[in-house]
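# Structural features, examined
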Amino acid sequence: MLTKTIHQHYGELVFAVALTVLLFAIFSRPRPVLQRIAAVLIDINLVLGAIHWCVIYPKSVSLLHPLLALAAVGLAHASARSDNRKKVITFWSLVVLLLLTAWAVHAPWGPAALKNIWMVGGAPAA
C-alpha cells in the first residue's frame, strides 16, 4: 500500500531528523528552530500512521507502537523551544530511543519481546 510505504519511509526520515537534533545538541548547541520542525515532523508521521491504520488498511497493530510514538511526540514538543543544552540532550535522547523502539515493534528486525504486545485491530498483522 502506498500509505504504508509513505509512513515507513517518512518515519525513517523523521528518525534521522531526530538524531540530527540530538547530534547538534551534543556537539554544537541546541537549535530550537530545528527542534520545533522535528517535533512537527514527528506529529505528521503519527497522523500518517493513524490514517494508514484506521482508514486505509486496518490491520492488527500493537498499541505499544503508537504509545511509544506519542511519548516521543510529547518529549519532542516539551523541549522544542528550549536552548538548555542538558534538557535538549536528555529529552531528544529519549525521543530517539522511543522512536527506535516504536519502529522495532513492527519491524522484522525488532526483538521478539516487543512483538504481539497489546494487539488490537482488524486483520492479523503480517
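These figures come from a predicted structure and were not determined experimentally. (Residues numbered from 1 in each chain as written. Predicted model: local features only at pLDDT ≥ 70, side-chain atom pairs only at ≥ 80, totals over all residues. Heavy atoms only, no water.)

## Digging into the nonpolar core
Core analysis: the largest hydrophobic core is formed by 28 residues, its most contacted members being I42, W92, V95 and L99. Top contributing element to this core by residue count: helix α4 (residues 85-106), with 9 residues. (Core = buried A, V, L, I, M, F, W, Y, C linked by side-chain atoms within 4.5 Å. Buried < 20%, exposed > 50% of the residue type's maximum accessible area, 1.4 Å probe, protein only. Helix = DSSP H or I, 4+ residues; strand = E, 2+ residues; numbered from the N terminus.)

## Concerning helix α2 (residues 32-56)
Think of an α-helix as turning once every 3.6 residues; residues three or four places apart then point the same way. Between the first and last C-alpha of α2 there are 35 Å, a value that for 25 residues agrees with the 36 Å anticipated at 1.5 Å per step. Considered for burial, the residues of α2 that qualify are Q35, A38, A39, L41, I42, N45, G49 and H52. (Expected span 1.5 Å × (residues − 1).)

## Some thoughts on the side chain of Q35
Along the chain, Q35 turns up in helix α2. Polar contacts involving the side chain of Q35 include one to the main-chain carbonyl oxygen of S79, which spans 2.9 Å. Setting aside residues up to four positions removed in sequence, Q35 forms contacts with V21, P30, S79, A80, R81, S82, V88 and W92. (Polar contact = N/O pair within 3.5 Å; in protein donor to acceptor, adjacent residues only side chain to side chain. Contact = heavy atoms within 4.5 Å.)

## Structural notes on the layout of surface pockets
The calculated volume of the largest pocket comes to roughly 1000 Å³. Around the largest pocket sit 35 residues that line it, and H7, H65, A102, W103 and H106 are the ones nearest its centre. Every element with two or more residues in the lining of the largest pocket is listed here: α1 (2-27), α2, β1 (60-62), α3 (64-78), α4 and β2 (119-121). By residue class, the composition of the lining of the largest pocket is 21 nonpolar, 10 polar and 4 charged. (1 Å grid on protein atoms, 1.4 Å probe; cavity = no way out; pocket = protein on both sides within 12 Å on 5 of 7 lines; lining within 4 Å. Points joined across faces, edges and corners; volume = space filled by probe spheres on them. Nonpolar A, V, L, I, M, F, W, Y, C, P; charged D, E, K, R; others polar.)

## Things to note about a nonpolar patch on the surface
Together, L19, L23, I26 and F27 line one region of the surface with nonpolar side chains, adding up to about 370 Å² of accessible area. In this structure, I26 sits in helix α1. (Patch = residues over 30% accessible without salt bridge, like charges linked within 9 Å, V, L, I, M, F, W, Y side chains within 5 Å. Areas by Shrake-Rupley, 256 points an atom, 1.4 Å probe, with all protein chains shown as cover. Salt bridge = Lys/Arg side-chain N within 4 Å of Asp/Glu carboxyl O.)

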